[in-house]
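So the chains spell out like this:
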Amino acid sequence: MTAWTVLIPVKGLAAAKSRLRGARAPRERLALAFALDTTRAAARCRAAGRVIVVSNDAAVREAVAATGAETIGEGPGGDLNAALRHASAAVRAGDPRAHLAALTADLPALRPADLAGALAEALRHPRAFVPDAPGTGTVLLTALPDAGLAPGFGPGSAAAHRASGAAELRGAWPSLRRDVDTPADLAEAGRLGLGPHTAALGVMSQDMQGTVATFDDQTRSGTVLLDDGTELAYDTAAFDASDLRLLRLGQRVRLETGADGTVTGLALPTM
Ligand SMILES: Nc1nc2c(ncn2[C@@H]2O[C@H](COP(=O)(O)OP(=O)(O)OP(=O)(O)O)[C@@H](O)[C@H]2O)c(=O)[nH]1
Ligand SMILES: C=C(OP(=O)(O)O)C(=O)O
């Protein structure tokens, strides 16, 4: 399998995630948790040989280093694209044939398999990109050994990357496309299942509710339909933790979920 070098740019925390004011945790802590969860998922992706966080922020670099990922400074450019050009040049100086991928650091629901799927598709194009869920931004930009990364991140970057000749990758990869800029984005990411660093901030501590869609009384497991139409499975352990004897179809339940978004407990809304 091709070992990509994944560059994850992280802005200084003092200036990060300005649109997240008003969320249930301080902006700086959210931005750092997003970066740590993104880095953790990338490090667990089998297609990622190296994961390098690109940041000038000492607190970011220290926290990332503690997880075992590499860090590099931004160089003199002063913005995101300059930081990525600097990091790309540093990587290619040591390994001229490196496969380069730039991944934004605001993907707290990222699953390694979604990233692996996109990187596998990216092998078919000299340069490729994955737009974010709204379709206007970019979450992943890739370059094979004979191509430069040529980053064009910023507002409207999907159009910029398309115009630059990068191939648009069309897989679903919901956790990869779910970047978080606003409290509404964070709620969407929570529905996909937050990584442990973000989950630990308790931002999704409101209870989720839904109705029982299936219940198998042999295995004591089944599925619940959330109010937004998402279907979530609960397993035997989650049911057994609930102290309920059975569930009726259509019954209203409150759900507890773990850091990875899986259901860990069920209760009646009144309990
Ligand atoms: N190293 C580095 N990373 C950056 C810089 N600007 C943005 N980033 C990162 O690039 C990614 C996408 O940036 P945005 O979604 O605009 O995030 P943001 O700038 O923190 O958020 P807003 O204040 O809401 O625009 C995030 O991972 C940021 O941390 C920069 O100047 N240097
Ligand atoms: C910098 C970008 O992120 P956002 O649109 O989330 O600001 C981008 O998509 O290029």
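Keep in mind the model is a prediction, meaning the values are calculated, not measured. (Residues numbered from 1 in each chain as written. Chains lettered and ligands numbered in written order. Predicted model: local features only at pLDDT ≥ 70, side-chain atom pairs only at ≥ 80, totals over all residues. Heavy atoms only, no water.)

Description of the overall build of the protein chain
Thinking step 1. What the protein chain contains, in helices and strands, is nine helices and 12 strands.
Thinking step 2. What you see for the protein chain is a C-alpha radius of gyration of 20 Å, in line with the 18 Å of a compact globule of 271 residues.
Thinking step 3. For the protein chain, the C-alpha atoms occupy an extent of roughly 65 × 40 × 30 Å along the three principal directions.
Thinking step 4. Within the protein chain, the fraction of its 271 residues that count as buried is 49%.
Thinking step 5. Long-range pairs, those at least 24 residues apart, make up 59% of the contacts in the protein chain with a sequence separation of at least 6.
Thinking step 6. Counting only carbon and sulfur atoms, one obtains 52% of the accessible surface of the protein chain, whose full area is about 12,300 Å². (Helix = DSSP H or I, 4+ residues; strand = E, 2+ residues; numbered from the N terminus. Rg over C-alpha atoms; globule rule 2.2 N^0.38 Å. Buried < 20%, exposed > 50% of the residue type's maximum accessible area, 1.4 Å probe, protein only. Contact = heavy atoms within 4.5 Å. Areas by Shrake-Rupley, 256 points an atom, 1.4 Å probe, with all protein chains shown as cover.)

Examining the sheet that holds strand E5 (residues 127-131)
Thinking step 1. The seven strands are arranged E3-E2-E1-E4-E6-E5-E7 in an open sheet whose pairing can be described as mixed. The sheet is open, and its two borders are formed by strand E3 (70-72) and strand E7 (167-168), each paired with just one other strand.
Thinking step 2. Inspection of the sheet shows E5 paired to E7 by two bridges, in the parallel sense. Within the sheet, the bridge partner assigned to Ala-128 lies in E7 and is Ala-167.
Thinking step 3. The strands touched by helix H1 (residues 27-43) are strand E1 (4-9), strand E2 (48-54) and strand E4 (100-103); relative to E2, the strand with the most contacts, the crossing angle is about 165°.
Thinking step 4. In the packing of helix H4 (residues 112-122) onto the sheet, the strands contacted are E1, E4, E5 and strand E6 (138-143), and the crossing angle to E6 comes to about 40°. (Pairing = 2+ DSSP bridges. Axes fitted to C-alpha atoms, helices over the stretch in contact; angles between N-to-C directions.)

A word on the sheet that holds strand E9 (residues 221-226)
Thinking step 1. Reading across the sheet, the five strands line up as E10-E9-E8-E11-E12 and stay open at both edges, with antiparallel pairing between neighbours. Each having just a single partner strand, strand E10 (231-234) and strand E12 (263-267) make up the two edges of the open sheet. Taken pair by pair, the neighbouring strands of this sheet meet at an average axis angle of 45°, ignoring direction.
Thinking step 2. The pairing of strand E11 (residues 252-257) with E12 spans four bridges and is classified as antiparallel.

A short note on the nonpolar core
Taken as a class, soluble globular proteins show a tendency for nonpolar side chains to be buried jointly.
Thinking step 1. Val-6, Ile-8, Leu-103, Leu-115, Leu-140 and Leu-176 are the most contacted members of the largest nonpolar core, which has 38 residues in total.
Thinking step 2. Breaking this core down by element, the ones donating at least two residues are E1, H1, E2, helix H2 (58-66), E4, H4, E5 and E6.
Thinking step 3. The biggest single contributor to this core is H1, with six residues.
Thinking step 4. Ignoring sequence-local partners within four residues, the contact set of Leu-115 consists of Ala-42, Cys-45, Leu-103, Leu-110, Leu-140 and Leu-176.
Thinking step 5. Of all hydrophobic cores here, the second largest spans 19 residues; its members include Leu-7, Phe-129, Ala-147 and Leu-149. (Core = buried A, V, L, I, M, F, W, Y, C linked by side-chain atoms within 4.5 Å.)

Section: the UniProt feature "binding site: phosphoenolpyruvate" (unreviewed entry) in the protein chain
Thinking step 1. Residues annotated by UniProt as "binding site: phosphoenolpyruvate" (unreviewed entry) correspond here to Thr-138, Gly-154 and Ser-157. For the annotated residues, spread through 20 residues, the largest C-alpha to C-alpha distance comes to 8.4 Å, consistent with a single compact locus.
Thinking step 2. Mapped onto the secondary structure, Ser-157 falls in helix H5 (residues 157-163).
Thinking step 3. The exposure class assigned to Ser-157 is buried, which follows from its relative accessible area of 2%. (UniProt positions renumbered as here; feature names shortened; annotations may be inferred.)

Overview of the domain arrangement of the protein chain
Thinking step 1. We note that the domain assignment places domain 1 (4-199) and domain 2 (208-267) within the protein chain.
Thinking step 2. Summarising the inter-unit geometry, the C-alpha centres of domain 1 and domain 2 are found 33 Å apart. (Domains from an automatic or database assignment.)

Things to note about the site of ligand 1
Thinking step 1. Taken together, 16 residues sit near ligand 1, with Lys-11, Ser-18, Arg-19, Glu-74 and Ala-105 positioned nearest.
Thinking step 2. Val-10 is positioned with one of its backbone polar atoms (N or O) 3.4 Å from a nitrogen atom of ligand 1.
Thinking step 3. In the model, an oxygen atom of ligand 1 is placed 2.6 Å from a nitrogen or oxygen of the Lys-11 side chain.
Thinking step 4. For ligand 1, whose free accessible area comes to 620 Å², the fraction covered by protein is 84%.
Thinking step 5. Looking at the shell around ligand 1 residue by residue, the class counts come to seven nonpolar, two polar and seven charged. (Near = heavy atom within 4 Å. Polar contact = N/O pair within 3.5 Å; in protein donor to acceptor, adjacent residues only side chain to side chain. Nonpolar A, V, L, I, M, F, W, Y, C, P; charged D, E, K, R; others polar.)

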